[in-house]
Amino acid sequence: MGLDKAKGVLIAGLFDKGPAQQAGLQPGDVLLDIDGRPITDARRLERMVADEAIDQQVKFKVWRKRQEKIIEVKIGQLDETEVPKTQLASIAKPDQKTPPPAQVKALGLALAEATPELREKYQLGDSATVVITDVSKGSPAGDRDLKPGDVVVEIAQQEAKKSRGPPEADRRGQEGRRKSVLLLVDRGGDLRFVALRIDQG
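Now for a look at the structure at hand. (Residues numbered from 1 in each chain as written. Predicted model: local features only at pLDDT ≥ 70, side-chain atom pairs only at ≥ 80, totals over all residues. Heavy atoms only, no water.)

Right, let's get into the overall build of the protein. The secondary structure content of the protein amounts to 5 helices and 12 strands. Taking all 201 residues of the protein together, the buried fraction comes to 36%. Pairs at least 24 apart in sequence give 48% of the contacts found in the protein among residues at least 6 apart. By element, 47% of the accessible surface of the protein is carried by carbon and sulfur atoms, the whole surface being about 12900 Å². (Helix = DSSP H or I, 4+ residues; strand = E, 2+ residues; numbered from the N terminus. Buried < 20%, exposed > 50% of the residue type's maximum accessible area, 1.4 Å probe, protein only. Contact = heavy atoms within 4.5 Å. Areas by Shrake-Rupley, 256 points an atom, 1.4 Å probe, with all protein chains shown as cover.)

With that settled, the discussion passes to the pattern of salt bridges. Summed over all chains, the structure comprises 7 salt bridges. Residue Glu 52 is joined to Arg 37 by a salt bridge in which the shortest nitrogen-to-oxygen separation is 2.7 Å. Here Glu 52 is found in the loop between helix 2 (42-50) and strand 4 (57-64), whereas its partner Arg 37 is found in strand 3 (residues 37-38), with 15 residues between them in sequence. Classification of Glu 52 as buried rests on a relative accessible area of 18%. Its relative accessible area of 32% is what places Arg 37 among the partly exposed residues. Across the pair Asp 145 and Arg 187 runs a salt bridge, and its minimum N-O distance is 3.7 Å. A residue pair is termed long-range when its members are at least 10 positions apart, and Asp 145 in the loop between helix 4 (140-143) and strand 9 (151-155) and Arg 187 in strand 11 (residues 180-187) qualify at 42 residues. A network of salt bridges, in which partner residues are shared, links Asp 145, Asp 150 and Arg 187. (Salt bridge = Lys/Arg side-chain N within 4 Å of Asp/Glu carboxyl O.)

Turning our eyes to something else, we now look at the side chain of Arg 64. Along the polypeptide, Arg 64 turns up in strand 4. For Arg 64, a relative accessible area of 14% translates into the label buried. In terms of polar contacts, Arg 64 uses its side chain to reach the backbone carbonyl oxygen of Gly 24, at 2.9 Å. With residues near it in sequence (within four places) discarded, Arg 64 still touches Gly 24, Leu 25, Gln 26, Asp 29, Lys 69 and Ile 71. (Polar contact = N/O pair within 3.5 Å; in protein donor to acceptor, adjacent residues only side chain to side chain.)

Okay, unusual backbone geometry next. Non-glycine residue Gln 123 carries a positive phi angle of around 55 degrees. With respect to the helices, strands and loops of the structure, Gln 123 is situated in the loop between helix 3 (116-122) and strand 8 (130-135). One non-glycine residue with positive phi stands out, namely Asp 145, at about 65 degrees. For Asp 145, a relative accessible area of 40% corresponds to the partly exposed category.

Right, let's talk about the nonpolar core for a bit. Judged by nonpolar contacts, the single largest core of 20 residues is most densely connected at Leu 109, Leu 146, Val 152, Leu 183 and Leu 196. At the level of elements, strand 7 (109-113), strand 8, strand 9, strand 11 and strand 12 (190-197) are the ones that each hand at least two residues to this core. Not counting residues within four places of it along the chain, the set of residues in contact with Leu 146 comprises Leu 109, Ile 132, Val 135, Ala 141, Val 185, Arg 187, Arg 192, Val 194 and Leu 196. Counting residues in each nonpolar core, the second largest holds 14 residues, with Ile 11, Leu 25, Leu 31 and Ile 75 among its members. (Core = buried A, V, L, I, M, F, W, Y, C linked by side-chain atoms within 4.5 Å.)

Here's what the structure looks like:
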């Protein structure tokens, strides 16, 4: 992430139209402190937010794309009855074929465009664009428990796009001779960041 040391809390996802999203926080942001008080871990962040009054404006120090930013967020009240609706998979057309997957050898992945056929096979939502179709055993991806059917949302904090030409993960990993690449992965609606080492072999 470009920080001088491991600190803060990484945002994996945001509630739709929630206070954080409306204030401009984004997945991939690292929350460093609230009103000057350091955020050491996710549990501390939860306690700090819970201690704030509803409608109180707080200032988050955020690390985004190797720069610090201050973003003000208005504390809201969580309505636990608002559960995100699950998107149903599209039905594949009989005559539609899945294009061959793009091999990302440095990470041990095979990526493919999320066609209707793959959406049905892996029960994916309509927002999925790039899906993992194969993971090599003993590879960086295999070691981090990535599986076929996982949706790649972001690669190196950039939106994952349909596979065209050289795989984007390989290109981004090779830029600046990086030793690892950060993926945002969606598995059944559960978002998580996965840092994969780049296999130079």
